[in-house]
Amino acid sequence: AATVQVRLVVPMAVVFGPGAVPGDLPRPLPFRDVQEMEISVNLRSSVTSRYELSYRSTTAREEAALAAATAREAEAALHPLQDTTLGSLTVYVVPKASSLLPQGINVYVGKHRSALVRAGGSLAALQARLQEVAQVMSFTASSVAAALSDRVPNSQLSPDARRYLKSSLGYEITFSLLNPDPKSHTVDWDIEGAVNCYVKPVLDKLSLVANFSVDSQILYYAVLGVTPRYDKESSSFLLSAHSLPHVINPVEARLGSSAASLYPVLNFLLYVPERSHSPLYIQDKDGAPVSTNAFHSPRWGGIMVYNVEAPASPQASLPVQVDVDMARVMEVFLAQLRLLFGLSWEEVPPEFLLESPGNEGLADWELDHLLWAHTVENIATVSTTLTSLAQLLDKIGNIVIKDDVASEVYRAVASVQSAVAELSLGHLHAAFQASKEAVTSSERAFFDPSLLHLLYFPDDQKFAIYIPLFLPMAVPILLSLAKIVRETRQRKKEPTKMD
């Protein structure tokens, strides 16, 4: 396949607060600097990261904002003063003794596109810290490798890379309530209110990445495919980690077909165990109970077990009315949604403090993190699709390429070139939009019905089809021709009569 050559440019402003300027600056402020690094993915993909740093001192308004009592207040005051272009970063360097950052914390990452960094004394120490900040807030070598996972040998990929969802123009999210024992439990859940309150703000923010549709369903008599083990000590039922993969297939058969969907489907299941298996707890690999009583499956979704308190008296009338605590459930499902999109905070260095994104579910820089990864993945996908199409056209000599297919191919090539060019200018939003258009055009061309290779037969197959049809007709014709030839020759041999 074609080589993907991409340069990812991150515009980064480094703003020194009073008393935070290192003594060994090479020249007086303001000045610019560039740091370039090769991200080695594989032979078919060359990715260069380029951080364009502009160093300057704080303005009077920024200085006033940095005098706030806490890092959160300082970030809120600084937000209107900074460049909020997608993909750009602003790092404010505060003095070593600053009380804005708690003890032992050297970097505070806000929920917008800025961070506060404790001065490291020398410029080299500061630059090492800036590089860590840039990697957390934009992209890492592992996130680029995950985006190019189709082109990378599995041995080089981290286990997380195979967990993330592939880039798509849209996603369908299905929330399902599984009530296997409706005789014992009448379960009510305010899914509409919960989606509006908890899910909608997150999807509104993610709408830049893709289109989302949300639906919900209640399934009765749908059981897990695994019988839980009874534990005498805790008088409860347990699902062990190794049995969890076997839970999904039987449940999926009841969920409704995702085969009809154009886009990847994310399933979030809330399971209320039947009375005979209550309470039911999930154990991790070490046998300890999982605090959320939930688990997630890579690129598929997640399941949460919701235990119902047993009625105080055994004579209590059945079914028991259950009102689901949606705040607790949605907290788990949104955490699983973040995991599926690769927005986990597991790789963050220990001296970093990350501000919770709050009701929006993801920070502005996390949105950028997704856009970087999806843009690179889209460019690679288009490159692979067009290469496959070219190989198909080479194979079939007599294929007919219609004008609209040709124009889609030209449009895909132009869009992917535009995406690469915009990335090298540091314009993340424009690059992502161009990469999405390139994917749409390349797939339209690749899946055009006129290019179905089954419509075009190799010559040997044509002979194999037509000879049985023409042979019976050809035999008498050939015999007649042979007879005519024979008679003509005989006539020539006969001597001409002379009077």
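Residues numbered from 1 in each chain as written. Predicted model: local features only at pLDDT ≥ 70, side-chain atom pairs only at ≥ 80, totals over all residues. Heavy atoms only, no water.

Our next topic: the nonpolar core. Judged by nonpolar contacts, the single largest core of 97 residues is most densely connected at L8, F175, L206, L270 and F341. At eleven residues, helix α8 (residues 364–395) tops the list of elements feeding residues into this core. Counting contributing residues, this core receives three or more from each of domain 1 (6–149 + 347–366) and domain 2 (170–341). Those residues within four positions of L270 in sequence are excluded, and the remaining contacts are S176, L177, L178, W189, M304, Y306, V324, V329 and F333. (Core = buried A, V, L, I, M, F, W, Y, C linked by side-chain atoms within 4.5 Å. Buried < 20%, exposed > 50% of the residue type's maximum accessible area, 1.4 Å probe, protein only. Helix = DSSP H or I, 4+ residues; strand = E, 2+ residues; numbered from the N terminus. Domains from an automatic or database assignment. Contact = heavy atoms within 4.5 Å.)

Another point: the UniProt feature "transmembrane region" (unreviewed entry) in the protein. UniProt's entry tags residues 463–485 with the feature "transmembrane region" (unreviewed entry), counted in the numbering of this structure. For residues 463–485, the helix share is 100%, the strand share is 0%, and the end-to-end C-alpha distance is 27 Å. (UniProt positions renumbered as here; feature names shortened; annotations may be inferred.)

All right, on to the side chain of E355 then. Turning to its location among the elements, E355 is positioned in the loop between β17 (352–354) and α8. A distance of 3.0 Å separates a polar atom in the side chain of E355 from a polar atom in the side chain of R72. Once residues lying within four places of it in the same chain are set aside, the contact partners of E355 are R72, Y108, V109, G110, K111 and W345. (Polar contact = N/O pair within 3.5 Å; in protein donor to acceptor, adjacent residues only side chain to side chain.)

Domain annotation of the protein identifies domain 1 (6–149 + 347–366) and domain 2 (170–341). Taking the mean C-alpha position of each, domain 1 and domain 2 sit 38 Å from one another. Every contact between the two is made by ten residues of domain 1 and, on the other side, eight residues of domain 2. Taken over both partners, the interface formed by domain 1 and domain 2 buries close to 680 Å², and the fraction arising from carbon and sulfur atoms is 51%. When the area that domain 1 buries against domain 2 is broken down by residue, the three leading residues are N359, E360 and L362, summing to 57%. (Buried area = accessible area lost by both parts, 1.4 Å probe.)

Attention now goes to a nonpolar patch on the surface. A contiguous nonpolar patch, built from I465, Y466, L469, F470, M473, I477, L478, L481 and I484 and spanning about 940 Å² of accessible area, is present on the exposed surface. Tracing the chain through its elements places L469 in helix α11 (residues 459–493). (Patch = residues over 30% accessible without salt bridge, like charges linked within 9 Å, V, L, I, M, F, W, Y side chains within 5 Å. Areas by Shrake-Rupley, 256 points an atom, 1.4 Å probe, with all protein chains shown as cover. Salt bridge = Lys/Arg side-chain N within 4 Å of Asp/Glu carboxyl O.)

Once that is clear, we can look at the pairing of strand β6 (residues 114–118). Burial analysis of β6 places five of its five residues in the buried class, the great majority of the element. The two faces of β6 match: S114, L116 and R118 on one face and A115 and V117 on the other face are all buried. As paired strands, strand β4 (residues 89–94) and β6 are joined by five bridges and run parallel to one another. If you follow V91 over to β6, its bridge partner there is A115. Note: strand β5 (residues 107–109) against β6, three bridges, orientation antiparallel. Bridge pairing in β6 places V109 opposite A115. Here β5 hands over to β6 after four residues, the two strands then running antiparallel side by side. (Pairing = 2+ DSSP bridges.)

Looking now at the sheet that holds strand β11 (residues 236–239). The strand order across the open sheet formed by three strands is β10-β11-β13, and the pairing between neighbours is mixed. Each end of this open sheet is capped by a strand with a single partner; those strands are β10 (229–231) and β13 (280–282). In this sheet, adjacent strand axes meet at a mean angle of 40° when their direction is disregarded. Pairing of β10 with β11 involves three bridges; the strand directions are antiparallel. Pairing of D231 across the sheet is with S236, part of β11. (Axes fitted to C-alpha atoms, helices over the stretch in contact; angles between N-to-C directions.)

Scanning the entire structure with this criterion turns up twelve aromatic pairs. Look at F268 and F333: their rings are 5.4 Å apart centre to centre, the planes differ by 40°, and that puts the pair in the tilted class. Of the two residues, F268 is situated in strand β12 (residues 265–271) and F333 in helix α7 (residues 326–340); the sequence distance between them amounts to 65 residues. For the pair F268 and F333, one class covers both residues: buried. (Phe/Tyr/Trp six-rings, centres within 6.5 Å; stacked < 30°, edge-to-face > 60°.)

Looking now at helix α2 (residues 71–78). A71, A74, E75 and L78 are the residues of α2 that are buried. Taken down its axis, α2 places every buried residue within 100° of arc, on the same side. The outward face of α2, more than 90 degrees from its buried face, is lined by the exposed residues R72 and A76. Buried residues along α2 sit in contact with α1 (60–65), β4, β5 and β6. (Arc of directions from axis to C-beta.)

Every buried residue of helix α6 (residues 245–252) is accounted for by V247, I248 and V251. Seen along its axis, α6 keeps its buried residues to an arc of 95°; they face one direction. α6 presents P245, H246 and N249 as exposed residues on the side facing more than 90 degrees away from its buried surface. Packing partners of the buried residues in α6 comprise β7 (170–179), β12, β14 (294–297) and β15 (301–305).

On to the pattern of salt bridges, then. Scanning the model with the defined rule gives 14 salt bridges in all. With its nearest N and O atoms 3.8 Å apart, the salt bridge here joins K166 to E377. On the criterion of sequence distance, the pair formed by K166 in the loop between α4 (141–147) and β7 and E377 in helix α8 is long-range, its members being 211 residues apart. Assessed through its relative accessible area of 25%, K166 is described here as partly exposed. The closest approach of N and O atoms between R338 and E366, which form a salt bridge, is 2.5 Å. Of this pair, R338 sits in helix α7 while E366 sits in helix α8, and the two are 28 residues apart along the sequence. Both residues of the pair, R338 and E366, count as buried. Via salt bridges that share partners, R113, K205, E360, D364 and D368 belong to a single interconnected network.

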